[in-house]
Every structure is written in structure tokens, then in C-alpha cells.
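Observations on the three-dimensional arrangement
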Amino acid sequence: MLRTRASLVCVVTALGAAIALCAHITAANAAERERPIDFNRDVRPILSDKCFLCHGPDSASREADLRLDVEASVLEDRGDYAVVSPGRPEASELLRRIASDDEYEVMPPPQTGKSISSEEAAVLRRWIADGAAWALPWAYIPPRETPPAPLVNQWSANWIDDYLLARWEQEELTPAPDADKVTLIRRLCFDLTGLPPTPEEVAQFVADESPTAYERLVDRLLASPRFGERMATYWLDLVRFADTVGYHGDQDHNIWPYRDYVIHAFNCNKPFDEFTREQLAGDMLDDGGVDALIASGYNRLLQTTHEGGAQLKEYRAIYMADRVRNFSQVWLGGTMGCAQCHDHKYDPYTTADFYAMGAFFADIDDEAHLADQYAAGLNEIPTIRKPELEVLSVYQRERLSDLRAELQTLQAEKDAKQIARVAGEIAAIAGAPGKTMIVKRLATPREVRLLPRGNWMDETGPVMAPAVPPFLGEIKPADGRRATRLDLANWLFDADEGVGLLTARVMVNRFWYLMFGRGIAPTLDDFGGQGHPPEHPELLDQLALQFQQSGWDVKHMLRLIALSHAYRQSSVATPEQLAVDPHNALVARQGRYRVPAEMVRDTALEVSGLLTDRLGGPSAKPYQPVGYYRHLNFPERKYHSDKNANQWRRGAYVHWQRQFLHPTLKALDAPSREECTAQRPQSNTPVASLALLNDPSFVEAARALAARIVAEGGSTVDERLRFAFLQCMSRAPAAEETRLMAGLLQEHQAYYRDNPQQVSVALGVGIWQQDAQRTPADAAELAAWSGVARALLNASETFTRN
């Protein structure tokens, strides 16, 4: 009876919560209906998704001479009917055809597999009834200063909050409470450095009652050299950086100094326009120096083939297309690649635009491997991709400078042992410079023709000169010469004649994503018709303007976002917030998600004490399954993991094999980097959990963490569990967690007591060795605590950014 009664209470409580939630959903839907129709937010996405395929920019597939992406065509007088009659839904052919029961009349046609829902039809009806107001695509309207509505509040920390509050007031939303200080420092450390804070850092921040404590924390993390590694990880996704060529044999190639350049550029806060200019055209800068040449390696990051039967003209077309796709996605948030074979179906890009953009890259001399397919070295590891340059990366040069200064001091002190150590390291660095694939310009750029239907064998198309899409402006060199990659880079940041403010919009949207888990415009790589418009357009505009006005200062923008009150909100969602804004588009709370794959690895290494804290250098090779490369040929190869401290380097330095990405990184949603990735998918699978339990890197990290627990955590089980939780989760365990983990420890202790031969197996994973010699009893205890540590390194909270 008691159980039945308790169940009844639970049912009634749940029913009450459900009724309340339904009430909130109903209120939210009513508010949505009352909100004025906005063409770009409400109407264009429907037309783009359901109608542009047949009535959009692509002339080859356009039906009935009707363009629903052009206002004049939509409102054109067509004699006895109008597609859209502003203010008169009943006289609008668009609505009649949508509602038709005739399979030959209804739009979209059934064979397209698309249909317009009753809710979407209602939006179109309201739009027409309200006058069918039109607007150009939001991304291509220049940002303008729009001050937020004046509000009387004590909540705003800076103007970002003012814009958000004005929108929340319209939606009758209230911001989430502030996150507690432990959550806040973990969030900030993950976002700005990619690593969790130490328990000492957490305790210091929690105890600091100064009104400037948080601001000082933000500034300290932005100044950390780990900031550059964290930002580089994201940038390398965008530009599809990898250690291998991608196609055919997927051989290694020489490019790691480019990664050092990127890390250093973020750490020294190189202005984003300069950062871009050096990558697109570093070889064309008179005062660029060696680092600009290294940066120009961006143009060589694409996938290449080294097979014997490769057709020069075919791969010339493939390489050009790859460069156009990546350029448009990285800097324009555009999908120009969709115009390679036909005019874009949803955006104003034409096939001519695609090939004219490709002509900017026609001066890059990188076809030696295609011209001589059987040359020595093409199927070796690493493969040869001329032109290459032997060079010391920026961090190698800095390290050499530091070592030479240290050597002078040691020589004065006559410390022979240390002199030998430092001299050996100097010789090792100086004797092993990196090779960089750089850009060498052709005296005469290759001819680029428009390829009909993208067919590389059809050379009947016109010759294309370098040019940008006309709807985005134009490039007119003053002396009438051919436009270059340097002109293209400058155009990106020209707010008057170029698309400087579009570039700014694209990048600040990504900065917001890095700090909230979602962009203001949620599709980070598509600002076109198939992308989603921003929920806070005025805020996005203001951030873009601020980025330009700051001198393209990346750290300034991230600091601005971090110091907003919105950033400091709790990520816990109320039922009301879930009803009104389930995806947190309005940002009335913070985001909550597992950190990226590299950060998962870095966190395990950091809390275990194994992390190698060294900037720059060649890629590291962690443990991976034997035989994982068995299907790689040209040449056949075996993977050899590092046997030194490189084994514990940060994820930013992990060897990136495009065809066979490290399995743990793959399980945690890291991309192959064959194409630009602006936003990684987020999955939660058993495979990921099994990888964290069994990958030798994590087993070894658990072993090292266990050694720390035993050595530093105190003498009692409770003390040690408290130490372990503080390392992994920045908090002490709850009583129930202590009970459960103590029980797990006892199970492991009993197992190793009954199976002593398994102790050496558990403690033998990985190359890390302790100095201390242990008794069999001590070794068994360490093995038992390793099991506890493995559980903690598999816990969601350890790797979740709240």
C-alpha cells in the first residue's frame, strides 16, 4: 500500500510538472505567433529549403521563369495572376499552389520529396497579409550600429548584456542565475586554455573576494601560452591541417612548422588581418620574413595524390576546387564549392564566380609531384612535395635562444654536467630543422578556364581572370595589373570596397561559439540561404564592428565576451527555458557539453601529472592499436608510437592521419580534416566510453593519477577520494559518491589480492615508470587505485564544460 501510494504521488507530481510545461509551451507558441514576421528569419529559410531548387539562383534548373530569391520576380505582374500580392493572401498564387490537392499543381512537386507544413504555410500567409516586406540576405547587408534599447537594470556587465536583455524582455525570459565560482573557473580554463584548473587555482579563485578577481583570471588565461594551443586546435580544423596528404597512399608530408606559426600567432595576438594576409600571400610580402613563408604553407594544406597514374589536368582542377571551397568557408562563411558544376542552388554564387576565384591560386607552383609521378621520394615517408624549405620554426628559434643564454650562464659557473646537457639539446634542435611546404610563385600563372559541368576534360569554357563574386564587390588593382592573392587578402578586410565586415561577422560568430557552444548564427560555415539566420542580429553586427574597430584583435573580442554577465550564467536549464528556448538560441543560460577530443586527452594527462608542457615542434605519436595501418600502402608502413616525453604532449600536436585518424580522437568526434570543419558533431556513444577505458594513453594516465593519489592524497580512503575528485572535477565527492567509489576500491583490492599475477599487467601499460620501488602489497594497492582512477577518467563530469 505504501509503495502504491508513493507511486501515485510520483505520478501526480509528474503530471503536474507536465501540465506546467505544456502551459509554458503554449505560451511560447503564442508569443511566437505574435512576433512580427521577419523575412530573413522566418520567410527566406522556408523559400530556400522548399522552393529555390526550382525557383532560385541556378538558371539551369529554374522553372516557369520564376525566381523566389529576387523581389522583382516575386512581385512581377504576370497578367491574370500574381505570385505574391502584398496584403492579399487570397490573391497570391504562391499560397494557392501550396494548398492545392492537384498533384500536378501543388508546390513543391511531390517528386522533390519536399512539402510545406501547415505551420510554414501560416508563416507565408502572415507575411503576405502584412505586406510581403522583402530584405536582402542578412549576411550580405553591411553591419550597422544599432544601439540596444535603453534599459534600467543592474545586471549588465557590458553592452553585450544590454542587447541580450532587450531580446529577453520581448520573450519574457529571465537570465539564469550566476554560475558558482568553481564552475566558472573550470569553464573559463577550458574555453581559453583547453585545460582544467588545478585544485590550487580553484581554491585561490574561490577565496579571492576582490571585485577584480574574475577580470584578473580572464587576463591571466589569455596571457597563458596554452591559449595559443587551444585556439590553434580550432583553426587547424578550419584550414584542414593534417600530417598526411589524404589521397591514395596518405603519405606523411612536411608541414608541422605551420602549426607552430599558428600557435605563436594566437599567443602573440597577431591581428587577424595580418594573420590572414600571411597565410594567403606570405610569399608576396616584402617584409614578411621566414614566418610569413611558413604561413604561406596554408596554400599547401589541401589533399594531394602521389599515385603513378594521376592525370595532371584532373588534379589541377581538383586542387583548385579544394582551395576555393576552403577559402570561402573559412573567411566568407560561404559554400562557393556548390557552384563548381552549376550555379549555386540557394545563393548568388555562379559557376563563373567559382572559377574566377580559383584563378587567384593559379600562380602556386606545387605540381612537381604531378608532372613527374615516378620521381624518387613520392611514395616514401615523408613524401616530397616541392617546393620545400629547411627551416627552424618560431618555437625552435625561441628555444635555441633560451638555451644559448642558459649555456652562457653555465659556462660562467663551469657546471660541466649541465653544460653538456644544454649543448646536446642545442645540437639536437639545430641539427633537425623542420621542412615547410612553402609557396613558390610561377612567373606566369596557369590558365584557368570555366569547366562546363565541372568536367576537367572539357576546355571549351572561357578563360577566367581572378575576380571576386560581383555581388560581394570587386578588386580593381590601381595599375590595371592582374589581381593577386595579396589583393584578395586585402579585400577581405576592406570595409568599403571589400567584405571586411562579412569576414568580421563570420569570425566573431565563431568566437561566440567557442565561448557558448553555439554561434549567434548557428550554422558557422554557411551564412547563405541554407544557413540559419542569427537570433540576435544587432548583437552580431555590433561584435563585427567592434572586431574591425579593435584592429582585428582576437584576444580583445574573447575578453569582451568572457567579461559579459551572459557568459557567467549557470548552464542549468529551467522548464520554462526549455519550453521557450530548447536549443538556447537566446542565450538566457550557458551551454553544457563535452569538451573536444584533444581536450579530453589533455585533461587526463594534466590531472595525472604526465602532460608534457612544451610549445611547438614535430607531431607526437601516442599509442594506437597494432595493425591499425595495415590497409595503408604506397608504401606499406607500421606505426611506431613515441618512446619519450612526446608521448604525453597535448592533443594539438597529435599526428593527424587523414585516412586513419587516431581511433580515440575519431570516437570523440574529431574530424579527418579532409574539408573545413567549423563545428564538430557531438555524439555520446559506448565506443567513446570504451575508448576512454581501454586506450593505453588513458590507462597509463590512470596509473599515474593513482600514484599521485597514493603519494599526495593522504592516508585514509576518504582523504584520497577527496584528492582524486578535486583533481578531476575540482570538487569534493558527495557522501554517496564516496561510498560508491570506496566500494569500487574494495572490489579491486579483493581482485588483486586473489589474482596477484594481474598486478604487473595493470601497472605495465605504457612507458611511464616510477622511480620508487614498491613491495608487492604496495603494488597491489596502486593497481586497485588505478581502477578507481580509470573510473574517474571515464566520468562525464571530468570532461564536461558546464
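Here is what the cut-offs are and how they apply
Residues numbered from 1 in each chain as written. Predicted model: local features only at pLDDT ≥ 70, side-chain atom pairs only at ≥ 80, totals over all residues. Heavy atoms only, no water. Helix = DSSP H or I, 4+ residues; strand = E, 2+ residues; numbered from the N terminus. Rg over C-alpha atoms; globule rule 2.2 N^0.38 Å. Buried < 20%, exposed > 50% of the residue type's maximum accessible area, 1.4 Å probe, protein only. Contact = heavy atoms within 4.5 Å. Areas by Shrake-Rupley, 256 points an atom, 1.4 Å probe, with all protein chains shown as cover. Lys, Arg positive; Asp, Glu negative; His and termini not counted. Charge placed at Lys NZ, Arg CZ, Asp CG, Glu CD. 1 Å grid on protein atoms, 1.4 Å probe; cavity = no way out; pocket = protein on both sides within 12 Å on 5 of 7 lines; lining within 4 Å. Points joined across faces, edges and corners; volume = space filled by probe spheres on them. Nonpolar A, V, L, I, M, F, W, Y, C, P; charged D, E, K, R; others polar. Arc of directions from axis to C-beta.

1. Remarks on the overall build of the chain
Per the secondary structure count, the chain includes 32 helices and 4 strands. Taking 802 residues into account, the globule formula puts the C-alpha radius of gyration at 28 Å, and the chain, at 29 Å, falls close to it. C-alpha atoms of the chain, sized along the principal axes, occupy 95 × 85 × 50 Å. Each of the 802 residues in the chain was classed as buried or not, and the buried ones make up 53%. Contacts spanning at least 24 positions in sequence make up 71% of the contacts within the chain whose residues lie at least 6 apart. Summed over all atoms, the accessible surface of the chain reaches about 35,400 Å², with 54% contributed by carbon and sulfur. For the chain, the centre of its 85 positive side-chain charges and the centre of its 109 negative side-chain charges are spaced 5 Å apart.

2. Thoughts on empty space enclosed by the protein
Scanning the entire structure with this criterion turns up 6 cavities of 30 Å³ or more. Around the largest cavity sit Trp512, Phe516, Arg518, Gly519, Ile520, Glu535, His536, Asn584, Ala585 and Val587, which together line it.

3. Some remarks on the layout of surface pockets
What the second largest pocket holds in volume is close to 850 Å³. Considering the residues around the second largest pocket, the lining is formed by 34 residues, among which Asp38, Arg41, His536, Pro537 and Glu538 are closest to the centre. Elements that contribute at least two residues to the lining of the second largest pocket include exactly helix H2 (39–50), helix H7 (159–171) and helix H22 (537–549). Ranked by residue count, the leading element in the lining of the second largest pocket is H7, at 5 residues. Of the residues contributing to the lining of the second largest pocket, the split by class is 19 nonpolar, 4 polar and 11 charged.

4. A closer look at helix H9 (residues 199–207)
Along H9, the positions that sit buried rather than exposed are Pro199, Val202 and Phe205. Burial along H9 is one-sided: seen end-on, the buried residues are contained in an arc of 130°. Residues Glu200, Gln204 and Ala207 are exposed on H9 and point more than 90 degrees away from its buried face. Residues of H9 that are buried sit in contact with helix H8 (181–193), helix H10 (213–223) and helix H29 (717–729).

5. Concerning unusual backbone geometry
Residue Met107 is joined to Pro108 through a cis peptide bond whose omega torsion reads -5°. Considering the arrangement of structural elements, one finds Pro108 in the loop between helix H5 (93–99) and helix H6 (118–129). Between Ile381 and the following residue, Pro382, the backbone shows a cis peptide bond with an omega angle of -5°. Along the chain, Pro382 falls in the loop between helix H17 (368–371) and strand E1 (388–391). A positive phi is found at Ala64, a non-glycine position, where the angle reads about 60°. As for its placement among the helices and strands, Ala64 is situated in the loop between helix H3 (52–55) and helix H4 (71–75). Even without glycine at this site, Arg240 takes up a positive phi of about 50°. Tracing the backbone shows Arg240 in the loop between helix H11 (225–238) and helix H12 (256–267).

These figures come from the coordinates and say nothing about function on their own.
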